[in-house]
Amino acid sequence: MYGSGKKWVLAACVIAGAMAGAGMAAPPDHPIITEVYTDAPGDADAPLGRDPTNVHQEFIEIWLPAAADLNASLNAAGLNLTFYEIEGDKSSSGAGLVNYRFDLPTLCVLPGAASCPGGTVHVPTAAGHGGVVVLGWVDYTNSLATGTCEFSSLPCSVYLDDCAGVNEGCLPPTPTGLAGTPSSRIALVNGGITETGGDYVFIAINGHHFQGDAPPGGSGTTNFPMLDAESLIHASERSSGVIQNGSGAYLLLNRDEVNYVELYDDKDTANAPLCSDADPDMPNNTNGLNTSSVLDAMASNDHFAFDIVNQPLPLGALCDPFACNHNVTNCIDHEMNLYAGGDFSNITPQIPEDVGAGLNPGIANGYARVYLDVPKTTENVDAGDDDPLDDAMNAYRHVRNNGPFFPSPGTAISTTSAPELSVAAAPEHYLQILSGTIGFPGVLCANVGGEFTVDIAVTSVGPSSNNSVALFAAAGTPTTGVGGQTMAFPTLVVASGPLATHGASATASATVTANNSSGPLIVNSTQMTTVTAEILDPTTGLDADGNVFQATVFAAVQGVPQDVVNNELLQTDLGAFLADNLGSGAYGSVSMGNEAGLINPATNLESGAYLFGDVGQSGVVASFPLDCTAAINEAGATPGGDVLSTVVNSPEHIQNPLTYVDSVCSPDGIIGIDARFNSQAFPRPDVQTTNGVFSPSEPLYFANARGAVNETGSGLNGVSTTRTFEMVIIETNVRFDGTIGTGGNDDFGVLLRVAETEAGAPISIDDWIFLSYTGGLGGADIDSLDVPNSNNVLSLIYFDLDNLHTVFGVKSISSAVVIDGNGGGEIDVIE
């Protein structure tokens, strides 16, 4: 990407999939971006108004090869690098334009400072390991002083909007200088430092502010090098930060390359009076930045419509990437920069800021390169190999303030780095456990070091702060063979007290230890955290505004693994219960009639012909209709209380109208007055909502308030319980061809029709109730029945309905309607 194109060949395999081995990777021969940290905890991402207990403000980390490893086209005695951020947020007034440009001072990577030319900054490096440069803030003077009210100019607090006027905000204070003296400036990384020693070089991005003033507040810094040029840190960015959460493209350029272009911040009106002065024109290489000068690139994207798989982005019909100050009418974030066919699209992988699933869901506070010595596809010699999706999914990871991948300025990880234990902070170990259960929640940890495996276990726990709420023990399950840059969830045991009430909590300390039998010594091999268990025993759900709504139930899933027998159901507690009580305490759905086959030892539950039907015969699966002709909308007792209206008016639909939209059958394709649902109704007269007599002894996976099942580290996973259940849906994971699916797409919601009520109940017979789970939104769908054992032939979904009676006075139900949550008809009910 520099010189006359991409020239380097790295002796390493792309990280896609598994590493081939720690010893096979080689360091890159060019500078790369290894970390961009965006979001310090608290109200500000920059010095003004910052919380002084923050260990880090925002920073940028760049890794440099040693001279012996550097590409011949680059100057080891004088690297001139520039860092650009390009605005990718379609709602920004500067969409597609430069947010800022930092020209780094001339850097020298020759061995030994004495060998570097005068006026250059020596970066300590080692052959094969390189060195690190960190760009960040130095502290201002009155960073904690009071600000002024927006309109009245009265004093106000930085943290509290205590101005008297309506809609009058509190402006941050105006700094008068830099803190310390020119030789003692304070860098706001690693808890605040005044020198960087031999580990890395810190470059002060605001070090020349007030440089014309007399010391101590002025005259720049002498303990840290300053930028050669900056365009520009706006006054507001001293409190909001220059690296904003959202959508930004981060580019590292070689400004000595013949095609390098100098652009300016679009707010830098002195240097960029024209829009074109701030326009990188990323779709092509003719007017703006040129890919031949780019050393490394990445981007973050927080647009709700962004899908990590969909990159490069498709160009929207009204999205004009060629206009200065781009027309973004029909764009999503970055589409004006990184659309398919644009010159920067393949070399700039886009990482989603908000991850809703996986091992550690949530908003990113930064992004880091997984291994510096494992090349991205964009670092291969053949430009045709560029694969931004591969890079986005495999070359980067999120950094979060609570860990276990914490911000780490000055530390770039390679495959040969020593293994290192990291345990997430206490807020990540606030666990919810159900009353009346014994749970095995995981402690969120990681091997944040190189590609060497370790075993991680909770080795001891302290006493409970409240024995009547919960007891803790270390007798959980360790996580073995944890590779580098990989999360782990060693479990502990939490037992809720028999009289513990909803919302009660107890805490205990937990000691986590990592061990290995070979390889380098583990860094920080023993660490402690605090685990908090909160009791969940809600009686009501929530409306779309978070207020009390109707009753809630508890749903739990049990996976039934494949076995050598024909009928695996009979190996479970439920199968034994059905065999002993069918017709006298256990009843099947009137519409299905499969209960006799399910207690027959000869029934082959892995037979596609039995489940889905063979030539000339019908199967036992109640498959969702293939078209709208069989879709339903059953009436309710109250006017407007049919299935359609119950779904449309449910809190889940109001908050997220897309949850069930794929299951709608209607003339206009939306949930309207003529709509029906691709769903199934299962009559079962008079299912009692209380006095359940069945409780399995096997581990269960309860749905949380969002309906999610088996979220990693949850206190609702693999629990034993004394709760009893009144209803169960038996669903097969076996496909028509006899293969077994994971159940990971089996998302569905459940409506129940009221059959009988207590006197004075606030609901009528034949009304519909759209269930909420564990106190969550009414109408939520149960998500992802992918419980442990990928060879589960059945998912047993149990429902504890007691609260329908306790809160609503519902004594029994007459039928259930199952609505597909993703439109794929993936849930295959057999009884």
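Residues numbered from 1 in each chain as written. Predicted model: local features only at pLDDT ≥ 70, side-chain atom pairs only at ≥ 80, totals over all residues. Heavy atoms only, no water.

### Some words on the overall build of the protein
Looking only at helices and strands, one finds eight helices and 44 strands in the protein. Looking at the 831 residues of the protein, the share that counts as buried comes to 55%. For the protein, the proportion of contacts with a sequence separation of at least 24, taken over those separated by at least 6, is 75%. Of the roughly 31,400 Å² that the protein leaves accessible, carbon and sulfur atoms contribute 52%. (Helix = DSSP H or I, 4+ residues; strand = E, 2+ residues; numbered from the N terminus. Buried < 20%, exposed > 50% of the residue type's maximum accessible area, 1.4 Å probe, protein only. Contact = heavy atoms within 4.5 Å. Areas by Shrake-Rupley, 256 points an atom, 1.4 Å probe, with all protein chains shown as cover.)

### Observations concerning empty space enclosed by the protein
Scanning all chains against the criterion turns up four cavities of 30 Å³ or more. In this model, the largest cavity occupies a volume close to 70 Å³. In terms of lining, the largest cavity is formed by T34, E35, E61, A368, R369, Y371, L372, R397, S408, T411, A412 and I413. At the level of elements, β1 (32–37) and β18 (366–369) are the ones that each hand at least two residues to the lining of the largest cavity. Looking at the lining of the largest cavity, its residues break down into five nonpolar, three polar and four charged. (1 Å grid on protein atoms, 1.4 Å probe; cavity = no way out; pocket = protein on both sides within 12 Å on 5 of 7 lines; lining within 4 Å. Points joined across faces, edges and corners; volume = space filled by probe spheres on them. Nonpolar A, V, L, I, M, F, W, Y, C, P; charged D, E, K, R; others polar.)

### Re the environment of G342
Position of G342 among the secondary structure elements: in the loop between β14 (294–301) and β15 (350–352). Judged by its relative accessible area of 9%, G342 is buried. With 59 residues separating them along the chain, G342 and P283 place their C-alpha atoms 4.1 Å apart.

### Focus on helix α3 (residues 573–581)
Listing the buried residues of α3 in full gives L574, G575, F577 and L578. Seen end-on, α3 carries its buried residues on one side only, within an arc spanning 160 degrees. In this structure, the buried side of α3 is in contact with β39 (727–732) and β42 (792–800). Positive backbone phi, at 90 degrees, marks G583, one or two positions downstream of α3. (Arc of directions from axis to C-beta.)

### Remarks on the sheet that holds strand β24 (residues 454–461)
Taken together, five strands build an open sheet; the order of strands is β21-β30-β29-β24-β26 and the sheet is mixed. What marks the edges here is a single partner per strand, and that holds for β21 (430–434) and β26 (479–482). Put simply, the sheet's adjacent strands are angled 35 degrees from each other on average, direction ignored. Sheet topology places β21 next to strand β30 (residues 526–536); five bridges connect them, and they run parallel. Each residue of the ladder has a partner; that of I433, found in β30, is I535. (Pairing = 2+ DSSP bridges. Axes fitted to C-alpha atoms, helices over the stretch in contact; angles between N-to-C directions.)

### As for unusual backbone geometry
For the bond running from S231 to L232, omega is -10 degrees, close enough to zero to count as cis. Structurally, the position occupied by L232 is in the loop between β12 (229–231) and α1 (237–240). Look at the link from G403 to P404: it is a cis peptide, with omega at 10 degrees. With respect to the element layout, P404 can be found in the loop between β19 (396–399) and β20 (421–423). Positive phi values are uncommon outside glycine, yet N524 reaches one of about 50 degrees. A relative accessible area of 43% means that N524 is categorised as partly exposed.

### Re the nonpolar core
L64, F102, L107, V133, L135 and F202 are the most contacted members of the largest nonpolar core, which totals 61 residues. Not counting the four nearest positions on each side in its chain, V133 is found in contact with I60, E61, I62, L64, L104, L107, V123, V201 and I203. Core analysis: the second largest hydrophobic core is formed by 36 residues, M592, A780, L801 and F808 among them. (Core = buried A, V, L, I, M, F, W, Y, C linked by side-chain atoms within 4.5 Å.)

### Points about the state of the cysteines
Scanning all chains against the criterion turns up two disulfides. Between the sulfur atoms of C108 and its disulfide partner C116 the distance amounts to 2.1 Å. Its S-S torsion of about -85 degrees marks the bond between C108 and C116 as left-handed, since a negative value means left-handed. Neither residue differs from the other here; C108 and C116 are each classed as buried. Each sulfur of the disulfide joining C319 and C331 lies 1.7 Å from the other. With the S-S bond torsion at 95 degrees, the cross-link from C319 to C331 turns out right-handed. Of the two residues, C319 is situated in the loop between β14 and β15 and C331 in the loop between β14 and β15; the sequence distance between them amounts to 12 residues. Here the two residues C319 and C331 agree in accessibility, since each one is buried. (Disulfide = S-S within 2.5 Å.)

### Focus on the sheet that holds strand β11 (residues 201–204)
Read across the sheet, six strands follow the order β11-β7-β2-β1-β18-β19 without closing on themselves; strand pairing throughout is mixed. Single-partner strands in this sheet number two, and they are β11 and β19. Direction aside, the axes of adjacent strands within the sheet are offset by 25 degrees on average. Taken together, the four bridges between β18 and β19 define a ladder with antiparallel strand orientation.

### With respect to the pairing of strand β43 (residues 810–820)
The element β43 is largely enclosed, with a buried count of 10 among its 11 residues. Two strands pair when backbone bridges link them, and strand β40 (residues 748–757) and β43 are joined in this way by nine bridges, in the antiparallel orientation. Opposite R753, over in β43, you have S815 as the bridge partner.

### Focus: the pattern of salt bridges
All told, the structure shown has nine salt bridges when counted by the stated rule. Note that D103 and R101 form a salt bridge whose closest N and O atoms lie 3.1 Å from each other. Comparing D103 with R101 shows no difference in burial state: the two are buried. Note that E756 and K811 form a salt bridge whose closest N and O atoms lie 3.4 Å from each other. One end of the pair, E756, is in strand β40; the other, K811, is in strand β43, with 55 residues separating them in the sequence. A single network of salt bridges, built from pairs that share partners, joins R101, D103 and E262. (Salt bridge = Lys/Arg side-chain N within 4 Å of Asp/Glu carboxyl O.)

### A look at the confidence of the model for the protein
Residue-level pLDDT values for the protein average 83, and 87% of them are 70 or greater. Under a pLDDT of 50 for its full length, residues 2–24 has, in the predicted model, 69 contacts with residues more than four places off or in other chains. (pLDDT = per-residue confidence, 0-100.)

### Remarks on the packing of aromatic side chains
On inspection of all chains with the given rule, the structure shows 11 aromatic pairs. Considering the side-chain rings of F83 and Y100, the 6.5 Å spacing of their centres and the 15 degrees angle between planes classify their relative orientation as stacked. A residue pair is termed long-range when its members are at least 10 positions apart, and F83 in strand β3 (residues 81–87) and Y100 in strand β4 (residues 98–103) qualify at 17 residues. For F83, a relative accessible area of 0% corresponds to the buried category. By relative accessible area, which is 0% here, Y100 ends up buried. An aromatic cluster of at least three residues, connected via ring pairs, comprises F577, F694, F702, F725 and Y798. Against the face of Y264 rests R101, its NZ or CZ located 5.0 Å from the ring centre. Its guanidinium or amino end placed over the ring of F554, R723 lies 4.2 Å from that ring's centre, counting from NZ or CZ. (Phe/Tyr/Trp six-rings, centres within 6.5 Å; stacked < 30°, edge-to-face > 60°. Lys NZ or Arg CZ within 6 Å of the ring centre and 35° of its normal.)

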